Amino acid sequence: MKNMTQKENKLDPKQSSSAMTVCPECGKETDKTVKNVCPECFGKKLKLFDLPEVLHARICQRCGAHYYKSKWEDMGTPEEVAMLTAEEHLAIPDTIDNVTVGMHPHARSPYIFDVLVDVGGDVDDVTYYQNGKTEVRIKREACEMCSRRAGGYFEGIIQIRANNRTPTKEEVMDALKLVEESMLAQLKKGDKLAFVTDTMTFKDGADVYIGSTKAGKHVCKHIIEVMGGTVTESYTLAGMKDGKDIYRTTFAMKLPEFKKGDVVYFEDKVIEIKNCGKRVTGINLMNSSNFFIEGEHFKNTKLLGNTANAKETVLVSVEEHGIQILDPETFETITIQKPMGFNALPGSEIKVFKTEYGIFAL
Ligand SMILES: [Zn+2]
Ligand SMILES: [Zn+2]
């Protein structure tokens, strides 16, 4: 009872048809009794709830995590944390029925809140209301995960490289952006170790030190979905903790050898690459047919260029199977294969790609 901050006692006796009796405590006549006394006398003794005068809450000033039920967990505003803390410590006896609780936080300072509490509940069909107040003092500190992060903790390394080539700066930036995106998604899903401890970029790619191996798997999957490529995981013993071996995971990511739009010579075909991951898809520019092959069999290839560097030239005439164009370099009129679904009109400019295996209209 000592922490009780009861302010008032109202009551709302429901209509009753029972006969009038005399209250043994105050001597007043009453048509309704609660535990053998009149509702007013019962209300004076009743304590609807118990709530400490001062409560303490802890939040992480780095990530906003809230220490709740012995765990760093839910995130919320300091105001929400104050209410949750008051709610957690609000004790209402089981003997009260139809309990209603209202909470109204008032900030005294950014980290000190008065939380006003209104509780309603029934005893023997009489509804009582009481209110009270608690002060929630919020302490800002670093949660376990943020401490680890600040301490350079990492469980894995994602190595971003490209297969048989050096990735472009843009590709590395794109991949790092995907790492961030995917890490944030994992953090939101509750993996508190889903953070990047450190990123190092090199001429041939980047190494990303990550807090969570589990998140690392998601990150690599996400990069492969968007950019293609492969990943190989390996483990190294990093020490012991509580008698258990601690392993670190290295995710060796390889972005695909070819990018979208690369034109590649492979087994007497000239292929414009659409997608190059576990499976390579593209268009055979020699006959406009779709091309696909498992990535592991896409070997002995020769990169001829990228369609981003295609040249514009004049379409001279269109025949049944071929089209006449001006060679973009020599300006001679030549006949080349007509692509499937070709519908440009003579005299217009079209894009062509010149290779040592011929000129192809795109
Ligand atoms: Zn009474
Ligand atoms: Zn934190």
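None of the values given here were measured: they were computed from a predicted structure. (Residues numbered from 1 in each chain as written. Chains lettered and ligands numbered in written order. Predicted model: local features only at pLDDT ≥ 70, side-chain atom pairs only at ≥ 80, totals over all residues. Heavy atoms only, no water.)

J.: Summarise the nonpolar core; cite the residues concerned and give the values.
T.: Ranked by internal contacts, the top residues of the largest apolar core, which has 28 residues, are Val-115, Tyr-128 and Ile-138. Where this core is concerned, the elements lending two or more residues are helix H1 (39–45), strand S4 (54–60), helix H2 (78–89), strand S8 (112–123) and strand S9 (126–141). Per-element accounting of this core gives the leading share, five residues, to S8. Ala-162, Ala-194, Val-219 and Ile-223 belong to the second-largest nonpolar core, a separate cluster that totals 21 residues. (Core = buried A, V, L, I, M, F, W, Y, C linked by side-chain atoms within 4.5 Å. Buried < 20%, exposed > 50% of the residue type's maximum accessible area, 1.4 Å probe, protein only. Helix = DSSP H or I, 4+ residues; strand = E, 2+ residues; numbered from the N terminus.)

J.: Any details on the coordination of the zinc ion (ligand 2)? Residues and values, ideally.
T.: Coordination of the zinc ion (ligand 2) by the protein involves Cys-60 (SG), Cys-63 (SG), Cys-143 (SG) and Cys-146 (SG), with metal-donor separations of 2.3 Å. Here the zinc ion (ligand 2) binds four donor atoms, and the angle range of 105 to 113° at the metal identifies the geometry as tetrahedral. Sequence spacing of the donors to the zinc ion (ligand 2): C-x2-C-x79-C-x2-C. Highlighted residues: Cys-63 in the loop between S4 and strand S5 (65–68) and Cys-146 in helix H3 (residues 144–150), separated in sequence by 83 residues. The exposure class assigned to Cys-146 is buried, which follows from its relative accessible area of 5%. (Donors = N, O, S within 2.8 Å, 3.2 Å for Na, K, Ca; no water. Tetrahedral: all angles 85-135°; square planar, octahedral: opposite > 155°, others 65-115°.)

J.: For the UniProt feature "domain: Nmd3 N-terminal" (unreviewed entry) in the chain, give the residues involved together with the corresponding values.
T.: The feature "domain: Nmd3 N-terminal" (unreviewed entry), as annotated in UniProt, sits at residues 23–255 in this numbering. The span residues 23–255 carries 26% helix and 44% strand; its end-to-end C-alpha distance comes to 85 Å. (UniProt positions renumbered as here; feature names shortened; annotations may be inferred.)

J.: Can you lay out the coordination of the zinc ion (ligand 1) for me, pointing to particular residues and giving the numbers?
T.: Here the zinc ion (ligand 1) is held by the protein donor atoms Cys-23 (SG), Cys-26 (SG), Cys-38 (SG) and Cys-41 (SG), which lie 2.2 to 2.3 Å from it. Considering all four donor atoms around the zinc ion (ligand 1), angles at the metal cover 105 to 113° and the coordination shape is tetrahedral. Sequence spacing of the donor residues for the zinc ion (ligand 1), all on one chain, is C-x2-C-x11-C-x2-C. Of this pair, Cys-23 sits in the loop between strand S2 (21–22) and strand S3 (29–30) while Cys-41 sits in helix H1, and the two are 18 residues apart along the sequence. Take Cys-23 and Cys-41: they sit in the same class, and that class is buried.

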